[in-house]
Amino acid sequence: TCYDSFLPSENIGKPLLAGQPWVALSGPGFLAAMRSLGFKTFNSWLDESYDNIYNVRDRAHAVVDSVIRFSLLSDTQKISMIKDMQPVLDHNRSLMLNTRYWYEPLVKSMEDLAK
């Protein structure tokens, strides 16, 4: 396992664009890296301590446990939780759609290289 890589894919991009909650079974620090990009995660609703687990098997079990705890909630509890998440979902979707946020640093880097 490579612990110093951060490779978000369409598996994260799709729920971000759709305004849906997501859980990432990825390398340790993935959620922290997403937050460093300005995204918000769901630590107020889901146990995201798995992001700090380096053992692959332990991290996978922790992710599954987090999803299982959510699945065991009643439908009413799930609906209420997702309603509470709405500001986070809206923020993430808005950030994904904000091309200026993503392209300005790239353009600045290119301008700096051209100097």
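Small disclaimer: the values here were computed from a predicted structure and weren't measured. (Residues numbered from 1 in each chain as written. Predicted model: local features only at pLDDT ≥ 70, side-chain atom pairs only at ≥ 80, totals over all residues. Heavy atoms only, no water.)

Applying the stated criterion across every chain yields a total of five salt bridges. In this structure, the salt-bridge partner of D112 is K108, at a minimum N-O distance of 3.1 Å. Of this pair, D112 and K108 both sit in helix α5 (residues 99–114), four residues apart, roughly one helical turn. Given a relative accessible area of 37%, D112 falls into the partly exposed group. Judged by relative accessible area, which is 47%, K108 ranks as partly exposed. Note that D112 and K115 form a salt bridge whose closest N and O atoms lie 3.7 Å from each other. Residues participating in the shared-partner salt-bridge network are K108, D112 and K115. (Salt bridge = Lys/Arg side-chain N within 4 Å of Asp/Glu carboxyl O. Helix = DSSP H or I, 4+ residues; strand = E, 2+ residues; numbered from the N terminus. Buried < 20%, exposed > 50% of the residue type's maximum accessible area, 1.4 Å probe, protein only.)

All right, on to the packing of aromatic side chains then. Scanning all chains against the criterion turns up two aromatic pairs. Between W22 and F42, the aromatic rings sit 5.8 Å apart at their centres with planes inclined by 85 degrees, giving edge-to-face as the arrangement. Of this pair, W22 sits in the loop between α1 (10–18) and α2 (30–36) while F42 sits in the loop between α2 and α3 (56–71); the two residues are 20 residues apart in sequence, bridging distant segments of the chain. The interplanar angle of 50 degrees and the centroid separation of 6.4 Å between the aromatic rings of F42 and W45 together place this pair among those described as tilted. Given the relative accessible area of 24%, W45 is considered partly exposed. An aromatic cluster of at least three residues, connected via ring pairs, comprises W22, F42 and W45. Here the basic side chain of K78 rests over the ring of F70, its NZ or CZ set 5.9 Å away from the ring centre. (Phe/Tyr/Trp six-rings, centres within 6.5 Å; stacked < 30°, edge-to-face > 60°. Lys NZ or Arg CZ within 6 Å of the ring centre and 35° of its normal.)

Moving on: helix α4 (residues 75–97). At Q86, α4 is bent by approximately 50 degrees, the largest bend along its length, and proline P87 sits one to four residues beyond. Contacts made by the buried residues of α4 are with α1, α3 and α5. (Bend = angle between axes of the 7 residues up to and from the residue. Contact = heavy atoms within 4.5 Å.)

Together, Y101, W102, Y103, L106, V107 and M110 line one region of the surface with nonpolar side chains, adding up to about 590 Å² of accessible area. With respect to the element layout, W102 can be found in helix α5. For W102, a relative accessible area of 31% gives the class partly exposed. (Patch = residues over 30% accessible without salt bridge, like charges linked within 9 Å, V, L, I, M, F, W, Y side chains within 5 Å. Areas by Shrake-Rupley, 256 points an atom, 1.4 Å probe, with all protein chains shown as cover.)

Let's shift gears to α5. The end-to-end C-alpha separation of α5 is 22 Å, in line with the 22 Å expected for 16 residues at 1.5 Å each. Capping the start of α5, N98 holds a side-chain oxygen 3.2 Å from the backbone nitrogen of R100, two or three residues further along. (Expected span 1.5 Å × (residues − 1). Polar contact = N/O pair within 3.5 Å; in protein donor to acceptor, adjacent residues only side chain to side chain.)

The next point concerns the confidence of the model for the protein. Residues with a pLDDT of 70 or more make up 94% of the protein, whose mean pLDDT is 89. The lowest-confidence element of the protein is α5, averaging 82 in pLDDT; the highest-confidence one is α4, averaging 96. (pLDDT = per-residue confidence, 0-100.)

In this section: the packing of α1 against α4. Running from N to C, α1 and α4 point in directions that differ by 110 degrees, and their axes come no closer than 7 Å. Taken together, α1 and α4 sit at an angle that is classed as roughly perpendicular. The way α1 lies across α4 gives a crossing that is left-handed. Only N92, R93, M96 and L97 of α4 make contact with α1, whose side of the interface consists of G13, L16, L17 and A18. Residues of the contact of α1 with α4, tallied by class, amount to five nonpolar, two polar and one charged. (Axes fitted to C-alpha atoms, helices over the stretch in contact; angles between N-to-C directions. Parallel < 35°, antiparallel > 145°, perpendicular 65-115°, else oblique. Left-handed = near helix turned anticlockwise from the far one by under 90°. Nonpolar A, V, L, I, M, F, W, Y, C, P; charged D, E, K, R; others polar.)

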